[in-house]
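Observations on the model geometry
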Amino acid sequence: MRGGSVGEGFAWASAGRLSLQVANLAALTITSRFITPAEFGLFAPVVILGAFVYGASEGAFATALMQRVDLKDDHIRVSFWASATTALVTTTVLVASAPLIERAFGFPGLAGVIAVASLILPARLISAVPTALLQRQMRFRELASVTLFTAIAGKIIPTVVLAVRGFGEWALVTGYLAQAYLEVMILLYLAPPRLGWP
């Protein structure tokens, strides 16, 4: 396997998370001067819903790949297409139910934000497959580097630039999506699964 020991992997993962938190805090300090509490409020339900759906689905796909002692190409293909299908179905449901969610939260304008932000799910769920493969190969340094790079280049920089230019909650949504798609592209490059239909 590529990479280093479990201890080294833990150190890289911890360093990556710490660096990410520092970068996010700096970005939040800057954007809070340009994005109103109401605009942050429109984005908050998106984060909550996205984290719930992603956590439930990603855990199933990643765990299945991580727990197999003898991992075959068929297992990877099935996990990839299952995550892609789940993402497509869930995204469709969220887009269709966005007006109902807006009424439930009572935030005017929330439906459009949810409909656009739900497009993050294909990237997030599909990324679970290459992430699990990299974890199996003990390539924690690469994972930490990808996480930090995409957070800065994909989320923090676009969010800050757009917030300063007055895009409000859409600055947050844009950074949210840009990071996810940049991350999944890099992860698929580092650990490309065989994509033939199972």
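Description of the structure in this document. (Residues numbered from 1 in each chain as written. Predicted model: local features only at pLDDT ≥ 70, side-chain atom pairs only at ≥ 80, totals over all residues. Heavy atoms only, no water.)

The next point concerns the overall build of the protein chain. Per the secondary structure count, the protein chain includes seven helices and zero strands. The proportion of buried residues among the 198 residues of the protein chain is 40%. For the protein chain, the share of sequence-separated contacts (at least 6 apart) that also reach a separation of at least 24 residues comes to 82%. A total accessible area of about 10,500 Å² is found for the protein chain, and carbon and sulfur atoms account for 69% of it. (Helix = DSSP H or I, 4+ residues; strand = E, 2+ residues; numbered from the N terminus. Buried < 20%, exposed > 50% of the residue type's maximum accessible area, 1.4 Å probe, protein only. Contact = heavy atoms within 4.5 Å. Areas by Shrake-Rupley, 256 points an atom, 1.4 Å probe, with all protein chains shown as cover.)

In this section: the nonpolar core. If you look at the biggest cluster of nonpolar residues, it comprises 38 residues, and the most contacted ones within it are Phe 43, Val 46, Ile 114, Ile 120, Val 129, Val 173 and Tyr 176. Of all the secondary-structure elements, those providing two or more residues to this core are helix H2 (37-67), helix H3 (73-105), helix H4 (110-117), helix H5 (120-136), helix H6 (140-164) and helix H7 (169-190). When sequence neighbours within four positions are dropped, the list of residues in contact with Val 173 reads Phe 43, Val 113, Val 116 and Ala 117. (Core = buried A, V, L, I, M, F, W, Y, C linked by side-chain atoms within 4.5 Å.)

The end-to-end C-alpha distance of H7 is 32 Å, a good match for the 32 Å that 22 residues give at a rise of 1.5 Å each. Of all the positions in H7, only Glu 169, Ala 171, Leu 172, Val 173, Gly 175, Tyr 176, Leu 177, Gln 179, Ala 180, Glu 183, Val 184 and Leu 187 are classed as buried. (Expected span 1.5 Å × (residues − 1).)

Now for H4. Every buried residue belonging to H4 is among Leu 110, Ala 111, Val 113, Ile 114 and Ala 117, and all of these are buried. All buried residues of H4 project into a common sector of 165° when viewed along the axis, lining one side. (Arc of directions from axis to C-beta.)

With that settled, consider a nonpolar patch on the surface. Residues Val 116, Leu 119, Phe 167, Trp 170, Tyr 181 and Met 185 make up a contiguous nonpolar surface patch of about 550 Å² in total accessible area. Take the nonpolar patch: its biggest share by element is three residues, from H7. With respect to the helices and strands, the residue Val 116 is situated in helix H4. (Patch = residues over 30% accessible without salt bridge, like charges linked within 9 Å, V, L, I, M, F, W, Y side chains within 5 Å. Salt bridge = Lys/Arg side-chain N within 4 Å of Asp/Glu carboxyl O.)

Phi at Met 138 is positive, roughly 60°, even though this residue is not glycine. In this structure, Met 138 sits in the loop between H5 and H6. Overall, the relative accessible area of 19% leaves Met 138 in the buried class.

Look at H3 against H5: their axes get within 7 Å of each other, and the N-to-C directions meet at 160°. Taken as axis vectors, H3 and H5 run roughly antiparallel relative to one another. Two packed elements cross with a definite hand, and for H3 against H5 that hand is right-handed. In this structure, H3 contributes Ile 76, Ser 79, Phe 80, Ser 83, Ala 84, Thr 86, Ala 87, Thr 90, Thr 91 and Leu 94 to the contact, and H5 contributes Leu 121, Pro 122, Leu 125, Ile 126, Val 129 and Leu 133. For the contact of H3 with H5, the class distribution of residues is eleven nonpolar, five polar and no charged. (Axes fitted to C-alpha atoms, helices over the stretch in contact; angles between N-to-C directions. Parallel < 35°, antiparallel > 145°, perpendicular 65-115°, else oblique. Left-handed = near helix turned anticlockwise from the far one by under 90°. Nonpolar A, V, L, I, M, F, W, Y, C, P; charged D, E, K, R; others polar.)

Evaluation of the coordinates by the stated rule reveals three salt bridges. Arg 77 is the salt-bridge partner of Asp 74, the closest N and O atoms lying 2.1 Å from each other. Residue Asp 74 and its partner Arg 77 are located together in helix H3, separated by three residues, close to a single helical turn. By relative accessible area, Asp 74 is classed as partly exposed at 47%. Residue classification places Arg 77 among the buried residues on the basis of a relative accessible area of 17%. Here Glu 183 ties to Arg 124 by a salt bridge, and the two come within 2.6 Å at their closest N and O atoms. On the criterion of sequence distance, the pair formed by Glu 183 in helix H7 and Arg 124 in helix H5 is long-range, its members being 59 residues apart. For Arg 124, a relative accessible area of 16% puts it in the buried group.

Further remarks concern the environment of Thr 63. Note on placement: Thr 63 falls in helix H2. A residue is classified by how much of its surface remains accessible, and Thr 63, at 35% relative accessible area, is partly exposed. Separated by 65 residues in the primary sequence, Thr 63 and Ala 128 have C-alpha atoms spaced 9.5 Å apart.

Bear in mind that shape data such as this cannot, by itself, settle questions of function.
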